[in-house]
Amino acid sequence: GLCLLVLRVFIGVHVFLVSCALPDSVVRRFIVRVMCSVLGLLVRQSDPRLRGAGARVFIANHVTPFDHNVVSLLTSCNTPALSGAPGFICWSRGFMELGVTGSRAELVDSLKEYSAHQGNPPLLLFPEEAATNGRAGLLRFSSWPFSILDEVQPVALQVRRPLVAVSVADSSWITELLWTFFVPFTVYQVRWMPSVPRQADERSEDFALRVQELLAMELGVVSTRITAADRTEHMKRLRHTSRLPFAPGGGPGYGTSAWALLLGGLCSQVPPSLPGGAPEDVRVMAMAQQVKEVLPHVPLEVIRTDLVQTNCVDTTIANLLEGRVPFFPESNETGDLPAPSTSQAAAASGIQGSVAAPSSKPAIKQFAKSPVERHLSLQERKRALYDYARR
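Conventions adopted
- Residues numbered from 1 in each chain as written.
- Predicted model: local features only at pLDDT ≥ 70, side-chain atom pairs only at ≥ 80, totals over all residues.
- Heavy atoms only, no water.
- UniProt positions renumbered as here; feature names shortened; annotations may be inferred.
- 1 Å grid on protein atoms, 1.4 Å probe; cavity = no way out; pocket = protein on both sides within 12 Å on 5 of 7 lines; lining within 4 Å.
- Points joined across faces, edges and corners; volume = space filled by probe spheres on them.
- Helix = DSSP H or I, 4+ residues; strand = E, 2+ residues; numbered from the N terminus.
- Nonpolar A, V, L, I, M, F, W, Y, C, P; charged D, E, K, R; others polar.
- Buried < 20%, exposed > 50% of the residue type's maximum accessible area, 1.4 Å probe, protein only.
- Contact = heavy atoms within 4.5 Å.
- Core = buried A, V, L, I, M, F, W, Y, C linked by side-chain atoms within 4.5 Å.
- Phe/Tyr/Trp six-rings, centres within 6.5 Å; stacked < 30°, edge-to-face > 60°.
- Salt bridge = Lys/Arg side-chain N within 4 Å of Asp/Glu carboxyl O.
- Pairing = 2+ DSSP bridges.

The name that an unreviewed UniProt entry assigns to the chain is Lipid droplet-regulating VLDL assembly factor AUP1, with the source organism given as Panurus biarmicus. A UniProt comment under Sequence similarities (unreviewed entry) is attached to the chain, and it reads "Belongs to the AUP1 family."

Caption draft 1: How the structure looks around the layout of surface pockets. By volume, the largest pocket is sized at about 1200 Å³. Around the largest pocket, the lining is made up of 42 residues, and of these Phe16, Ser19, Asn69, Ser92 and Arg93 lie nearest the centre. Breaking the lining of the largest pocket down by element, the ones donating at least two residues are helix H1 (2-21), helix H2 (26-38), helix H3 (67-72), helix H4 (88-92), strand E4 (95-96) and helix H6 (173-182). The element contributing the most residues to the lining of the largest pocket is H1, with 8 residues. The class makeup of the residues in the lining of the largest pocket is 26 nonpolar, 12 polar and 4 charged.

Caption draft 2: Fine view of the environment of Val211. Within the fold, Val211 resides in helix H7 (residues 204-219). Taking relative accessible area as the criterion, Val211 reaches 0% and is therefore assigned buried. The sequence separation of Val211 and Arg198 amounts to 13 residues, and the corresponding C-alpha distance is 9.9 Å. Not counting residues up to four positions away in its chain, the partners in contact with Val211 are Ile59, Phe141, Phe146, Val152, Pro154 and Val196.

Caption draft 3: The nonpolar core, seen in detail. Counting 27 residues, the largest nonpolar core has Phe58, Leu124, Val155, Leu157, Val190 and Trp192 as its most contacted members. Mapped onto this core, the elements with two or more residues apiece are H1, H2, strand E1 (41-46), strand E2 (57-60), H3, strand E7 (151-160) and strand E8 (186-192). Setting aside chain neighbours within four positions, we find Val155 in contact with Phe58, Ile59, Ala60, Asn61, Val190, Arg191, Trp192 and Leu215. Counting residues in hydrophobic clusters, the runner-up holds 25 residues, among them Trp144, Ile148, Phe207 and Ala216.

Caption draft 4: Structural context of the packing of aromatic side chains. Summed over all chains, the structure comprises 7 aromatic pairs. Here Phe146 and Phe207 contribute two aromatic rings whose centre-to-centre distance is 5.4 Å and whose plane-to-plane angle is 65 degrees, an arrangement assigned as edge-to-face. Placement of Phe146 in the loop between strand E6 (137-138) and E7 and of Phe207 in helix H7 is noted, with a sequence separation of 61 residues between them. One exposure class covers both Phe146 and Phe207, and it is buried. Taking the centre distance of 5.4 Å and the plane angle of 85 degrees together, the rings of Trp179 and Phe182 count as edge-to-face. Of this pair, Trp179 and Phe182 both sit in helix H6, 3 residues apart, roughly one helical turn. For Trp179, a relative accessible area of 37% corresponds to the partly exposed category. We classify Phe182 as partly exposed; its relative accessible area is 28%. Ring pairing ties together the aromatic residues Phe16, Phe88 and Trp91, which thus form one cluster.

Caption draft 5: Region of the structure containing the pattern of salt bridges. Here the structure, examined in full by the defined rule, presents 9 salt bridges. Of the charged contacts, one joins Arg203 and Asp206 as a salt bridge, the two residues approaching to 3.3 Å between their closest N and O atoms. Judged by relative accessible area, Asp206 falls into the partly exposed class, the value being 34%. It is possible to trace a salt-bridge network through shared partners that takes in Asp24, Arg28 and Arg29.

Caption draft 6: Representation of the pairing of E7 in the model. With respect to burial, E7 is a largely interior element, 7 of its 10 residues being buried. Note that E7 and strand E9 (residues 196-197) share 2 bridges and pair antiparallel. Each bridged residue has a counterpart across the sheet, and for Val152 the counterpart in E9 is Val196. Alignment of E7 against E8, held across 6 bridges, turns out to be antiparallel. Bridge assignment links Ala156 to a residue of E8, and that residue is Arg191.

Caption draft 7: The arrangement of helix H12 (residues 313-321) in detail. H12 sits mainly inside the fold: 9 of its 9 residues count as buried. Phi for Gly323, located one or two positions after H12, is positive at around 80 degrees.

See the structure below:
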């Protein structure tokens with residue numbers, strides 16, 4: 001792997017120089033594609049006759065930071081730079097700089113003007129706005145790419161490589177490039193789909209949802225309502241909890257959730273005793289029972305409703321502890337569980353913003369001014385609830 005990495009770094013420099021020296025043409029794309037195969041980037045396509053059949057906007061799912069480079073090896077297209085500082089790095093990665101730093105409305109107007117010139121290559125856009133590994137589902141499509149023109153052509157991308165996962169969550173494009181050079185090969189499968197026109201009086205949001213469903217069916221994955229902002233928030237939470245001394249997470253008795261499949265993160269979900277093909281209601285009930293054991297005073301229906309949205313035990317517990325999901329506490333009518341101690345009762349009552357009787361550890365009497373203090377107080381309440389559940 002290290003030998004391949006060193007060798008391919010030198011070859012990659014030559015590939016970059018050749019792609020910069022030659023003008024955009026069929027000859028250039030063929031030469032660069034052959035040289036990329038030496039780098040371990042193997043590009044395959046299905047239904048090439050549908051490629052660029054009059055479409056001015058390509059819509060693709062996002063798997064790796066190099067999806068736009070791979071598609072540009074098959075057909076001429078441009079992808080606008082949506083993030084990152086403009087300059088040499090942005091240009092060298094193959095992005096098109098529009099000089100628009102304002103809102104999405106200004107970006108759409110600039111892309112409409114670009115598409116109005118027939119001599120410009122088609123646009124390649126990624127409505128997910130964040131990369132996933134493409135094995136579980138698609139992030140919710142943004143509507144702005146569907147406001148440019150009334151007809152788009154979906155492009156389904158699938159990527160596989162041996163030994164190393166594709167699109168590891170929270171990794172940079174440089175890391176992905178080095179792993180691509182390190183492994184023996186990475187196969188990109190590009191499937192061209194028929195163009196999809198906008199229906200009469202169809203809003204951009206509905207148009208985006210319809211194209212997302214078509215791409216999900218083509219890829220054999222689910223069409224989720226998880227947005228790129230949700231992904232960013234999830235990764236922030238994972239990074240933050242990993243630095244804490246008490247970080248509730250999936251232990252050895254738990255499997256992997258849809259978040260892990262989508263983003264590469266870890267999230268406790270269904271015990272291994274349940275088969276992977278169990279019905280959805282059984283899986284949700286199994287997760288709800290786990291949350292109920294930790295938070296016995298929370299109504300089961302409230303837990304199930306939030307689990308349908310999060311599909312993650314830890315996220316639901318955090319939502320309930322942090323007050324994002326309102327509920328009325330249930331009284332302990334069964335009596336088969338031991339009554340919580342004073343400190344545990346104080347931690348449980350902290351969910352609703354109140355503090356019970358004094359415990360061995362002083363409780364916070366007022367709302368902390370510092371965000372760090374508030375978070376530490378939250379972690380103490382979480383620790384008490386988890387300790388109580390383990391007993």
